Amino acid sequence: MWHIICRQFLPVCRSLERQPRPMSIGEECTIPPPLPGTSVVLYKTMQQKIQTFFNTCLRRIYKIRWQEKIRNEDLWERAGQEPVAKQILRRKWGWIGRTLRKPASSITRQALTWNPQGKRKRGRPRNSWRRDTEAELKQQGTNWTGMARTAQNRVRWRGVVDGLCSTRSDGQMNE
């Protein structure tokens, strides 16, 4: 999967190098939130690879050579970026908020609360997207019904998303 991401975004990174003024890489390289039911889990190793790729692109855009010792945090501050893990969390919870504000007849709203029936394979159950999301909710001391009520008010929802994204350390994702 890493080679697909690299092949897809490298031309964008190279084209950004030629721009006369530095651009935000977040505008050009977007990471869409995973859809519910697709058990997409971003493991720590994959998150590190994506973060490394973004850092490499930023260093190319700003023409920072390897001899210059610049911390990643300073690089993100210069570019006006935040770590990839935070961006993914923020976009995921933004998508959940938009979906929870939709009418109950909406297919995406139904997919968000859908509980598949049937037997699972043997062995340790894999973490699904929903289980990871529920774990994040439990960390905040809330549940889906409370979040559905909160999502109706956009201002309060932004506060909840900021709280969810700031409680976890920057480099921490699913192990």
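Residues numbered from 1 in each chain as written. Predicted model: local features only at pLDDT ≥ 70, side-chain atom pairs only at ≥ 80, totals over all residues. Heavy atoms only, no water.

Draft legend 1. Inspection of helix H4 (residues 72-79) at higher detail. For H4, every residue scored as buried is listed here: Leu75, Trp76 and Ala79. Buried residues along H4 cover an arc of 95° about the axis, so they all sit on one side. Downstream of H4 by one or two residues, Gly80 has phi in the positive range, about 70°. (Buried < 20%, exposed > 50% of the residue type's maximum accessible area, 1.4 Å probe, protein only. Helix = DSSP H or I, 4+ residues; strand = E, 2+ residues; numbered from the N terminus. Arc of directions from axis to C-beta.)

Draft legend 2. Summary view of the pattern of salt bridges. Across all of its chains, the model carries six salt bridges by this definition. In this structure, the salt-bridge partner of Glu73 is Arg71, at a minimum N-O distance of 3.4 Å. On the accessibility criterion, Glu73 (40% relative accessible area) is partly exposed. As a salt-bridge pair, Arg90 and Glu82 come within 3.2 Å of each other at their nearest N and O atoms. Accessibility expressed as a relative area gives 26% for Glu82, which makes it partly exposed. Through salt bridges with shared partners, a single ionic network connects Arg71, Glu73 and Asp74. (Salt bridge = Lys/Arg side-chain N within 4 Å of Asp/Glu carboxyl O.)

Draft legend 3. Fine view of the packing of helix H5 (residues 84-100) against helix H7 (residues 129-140). Interhelical geometry of H5 versus H7 gives an angle of 95° and a closest axis separation of 13 Å. Relative to H7, H5 is oriented roughly perpendicular. Facing Leu89, Lys92, Trp93, Trp95 and Ile96 of H5, the residues of H7 in contact are Trp129, Thr133, Glu136 and Leu137. Class assignment for the residues of the contact of H5 with H7 results in six nonpolar, one polar and two charged. (Axes fitted to C-alpha atoms, helices over the stretch in contact; angles between N-to-C directions. Parallel < 35°, antiparallel > 145°, perpendicular 65-115°, else oblique. Contact = heavy atoms within 4.5 Å. Nonpolar A, V, L, I, M, F, W, Y, C, P; charged D, E, K, R; others polar.)

Draft legend 4. Region of the structure containing helix H3 (residues 44-61). Between its terminal C-alpha atoms H3 stretches 26 Å, which fits the 26 Å expected from 18 residues at 1.5 Å a residue. Those residues of H3 lying buried are Met46, Gln47, Ile50, Gln51, Phe53, Phe54, Asn55, Cys57, Leu58, Arg59 and Ile61. One or two residues past the end of H3 sits Lys63, with phi positive at roughly 55°. (Expected span 1.5 Å × (residues − 1).)

Draft legend 5. Examining a positive patch on the surface more closely. Taken together, Arg120, Lys121, Arg124, Arg126 and Arg131 make up a surface patch of like positive charges. One can find Arg120 in the loop between helix H6 (107-112) and H7. (Patch = residues over 30% accessible without salt bridge, like charges linked within 9 Å, V, L, I, M, F, W, Y side chains within 5 Å. Areas by Shrake-Rupley, 256 points an atom, 1.4 Å probe, with all protein chains shown as cover. Lys, Arg positive; Asp, Glu negative; His and termini not counted. Charge placed at Lys NZ, Arg CZ, Asp CG, Glu CD.)

Draft legend 6. Region of the structure containing the packing of H3 against H4. Across the interface, H3 lies against H4 with an axial gap of 11 Å and an inter-helix angle of 60°. Overall, the two elements H3 and H4 adopt an arrangement that is oblique. Considering how the two elements wind past one another, H3 and H4 form a crossing that is left-handed. The segment H3 lies against H4, with Gln51, Asn55, Leu58 and Arg59 engaging Asn72, Leu75, Trp76 and Ala79. (Left-handed = near helix turned anticlockwise from the far one by under 90°.)

Draft legend 7. Structural context of the side chain of Arg59. If you trace the backbone, Arg59 turns up in helix H3. Buried and unpaired, Arg59 has Glu68 as its nearest opposite-charge partner, separated by 7.5 Å. One polar contact links Arg59 to Asn72, side chain to side chain, over a distance of 2.9 Å. (Polar contact = N/O pair within 3.5 Å; in protein donor to acceptor, adjacent residues only side chain to side chain.)

Draft legend 8. How the structure looks around the packing of aromatic side chains. Following the criterion strictly, the structure yields three aromatic pairs and no others. Between Phe53 and Phe54, the aromatic rings sit 6.4 Å apart at their centres with planes inclined by 70°, giving edge-to-face as the arrangement. Per residue, the accessibility class of Phe53 equals that of Phe54, and both read buried. Arg78 extends its terminal NZ or CZ atom over the ring of Tyr62, reaching a point 5.9 Å from the ring centre. (Phe/Tyr/Trp six-rings, centres within 6.5 Å; stacked < 30°, edge-to-face > 60°. Lys NZ or Arg CZ within 6 Å of the ring centre and 35° of its normal.)

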